[in-house]
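Listed below, chain by chain, are the residues.
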Amino acid sequence: MKPLPQVAIVGFPNVGKSTLFNRLLGQRKSLVHSQPGMTRDTVSAVCSIGEKTFVLTDTGGLADTSGEPLSQAVFMRAWKAARQADLVLLVLDGRRELLPAEEELYVALRKLGKPMLVVLNKMDVETQHAAMGDYYNRLRLDSLFPVSAEHGRNIDVLEEELVRLLPQQTGGMKKVEPLRLAIVGRVNVGKSSLINRLCGEDRLLTSPVPGTTRDSTDTFVLRHRKIFCLIDTAGIRKLSRTRDEREKASILRARKTISRADVVCQILDATEFPTRQDLAIAHLAEESGKPLVLALNKWDLVGAAAASLNYRDIIARKMAFVGYAPVLTVSAATGKRVVKILDLAEQVYAASARRIDTSRLNEFLAWINATHPPLTRNRRNLKVKYITQTSVRPPTFLLFAARPSPLLPAYEKLFLQLLREKFGLWGTPLRLKLRHS
């Protein structure tokens, strides 16, 4: 099967590339902010318009802004996306004059020898069209596409020309759903480095500067004929400690990313764990109901202390509420055991989808009633008559009792732990509900 055609959206910072990306895609995937420099890594997604399907890529600003950290690295990634694309959309800002540097960018893009559409964005009212002559003259254009990505003006005209320029596609495509693995953690624990190691190349920007990653970026990896979508997220920390409004938006997006993932992998720093923020992120993962894998990164830095560091006991004591999650020691720097994250992700995802026969559940209930009778919060015995599983992801169980009353929290924890051990439900949170019989 031929790879899908690639369309790259490029331009200077704050011209509306991410807004156009979201408009063409039909969803708010790329973060949009009024301040320039919001997008750093390239953000890609499969997009369908009419009968054409292609990979649409949003890029960072193609300008070396000296006041913006990592601007040169952002520029190089955006330029690489333009070179690899089958079609380039150059986005300009219709609310201001054409910059000389944008003229130079247009000439440089033409030298790539690729089909290119020049999009004049932010054309919200008809009166702005009078200034289009300057763009035609200075760039010597045959066609120019005035649009308003924010309001959807003239997007249909742009889409029609975009579809016309894309190569014809033969044969139907079989849609394969990847396993979506969200890589979460606090700042500077090595999330992007870990994904780069899994990919075997530097796909994502990394630096010692906290807050390097801003958008949630999807990266696809194929292993043993299984497709994984690795979702890199911004480091999660308290909003009150964040001054940059763009980073605040990134943190909020990272929290939402957990809800659209199939599995969550929380990265911890092996040299200092678990911190208060580690515990807060683990709570987010547990409350989401998603399967969880814990990865202790930077294990190569632990050195001689590794033999005496009983990390499993530390997690069992301080992170008992996610004691069901498998723990793995890895090193993004050396690649040690990194690929096992994917294997564990498959295992815990399968566990979260398991259904237990009702007959087996009630055999377990009979044993529980005999050996560990249920206790309510006021420490009275509760006679549970029946148990059944009502749903999966996460596995949810319903108890029927003559006079249902909330279980003692310590007993509910014991009940779920014994249930997990009995049926091998490791890696996934469990839910328990009570109902009148």
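Residues numbered from 1 in each chain as written. Predicted model: local features only at pLDDT ≥ 70, side-chain atom pairs only at ≥ 80, totals over all residues. Heavy atoms only, no water.

Draft legend 1. How the structure looks around the sheet that holds strand β15 (residues 431–436). Taken in spatial order, the three strands line up as β13-β14-β15 in an open sheet, and their pairing is mixed. Here the strands that pair on one side only, and so sit at the sheet edges, are β13 (384–391) and β15. Pairwise comparison of adjacent strand axes, ignoring direction, gives a mean angle of 25 degrees for this sheet. Contacting β13 and β14 (396–401), helix α11 (residues 358–371) crosses the sheet at an angle of about 140 degrees to β13. The sheet contacts of helix α12 (residues 409–423) involve β13, β14 and β15, and relative to β15 the element is tilted by about 115 degrees. (Pairing = 2+ DSSP bridges. Helix = DSSP H or I, 4+ residues; strand = E, 2+ residues; numbered from the N terminus. Axes fitted to C-alpha atoms, helices over the stretch in contact; angles between N-to-C directions. Contact = heavy atoms within 4.5 Å.)

Draft legend 2. Seen up close, the sheet that holds strand β7 (residues 179–184). Strand order in the open sheet formed by six strands is β8-β9-β7-β10-β11-β12, with mixed pairing between adjacent strands. Looking along the sheet, the strands with just one partner apiece sit at the ends: β8 (217–223) and β12 (327–329). With direction set aside, neighbouring strand axes in the sheet form an average angle of 25 degrees. Where strand β11 (residues 292–297) meets β12, three bridges bridge the pair, whose relative direction is parallel. The residue bridging Ala295 from the neighbouring strand is Leu328, located in β12. Lying on the sheet, helix α6 (residues 191–199) is in contact with β7, β8, β9 (226–232), β10 (263–269) and β11; it crosses β9 at an angle near 155 degrees.

Draft legend 3. The arrangement of the packing of α11 against α12 in detail. Two elements in contact, α11 and α12, have axes separated by 11 Å at closest approach and are oriented at 130 degrees. Relative to α12, the element α11 lies oblique. The interaxial crossing formed by α11 with α12 has right-handed handedness. Two secondary-structure elements touch here, α11 through Arg360, Leu361, Phe364, Trp367 and Ile368 and α12 through Tyr411, Phe415, Leu418, Leu419, Lys422 and Phe423. A per-class count over the contact of α11 with α12 returns nine nonpolar, no polar and two charged. (Parallel < 35°, antiparallel > 145°, perpendicular 65-115°, else oblique. Left-handed = near helix turned anticlockwise from the far one by under 90°. Nonpolar A, V, L, I, M, F, W, Y, C, P; charged D, E, K, R; others polar.)

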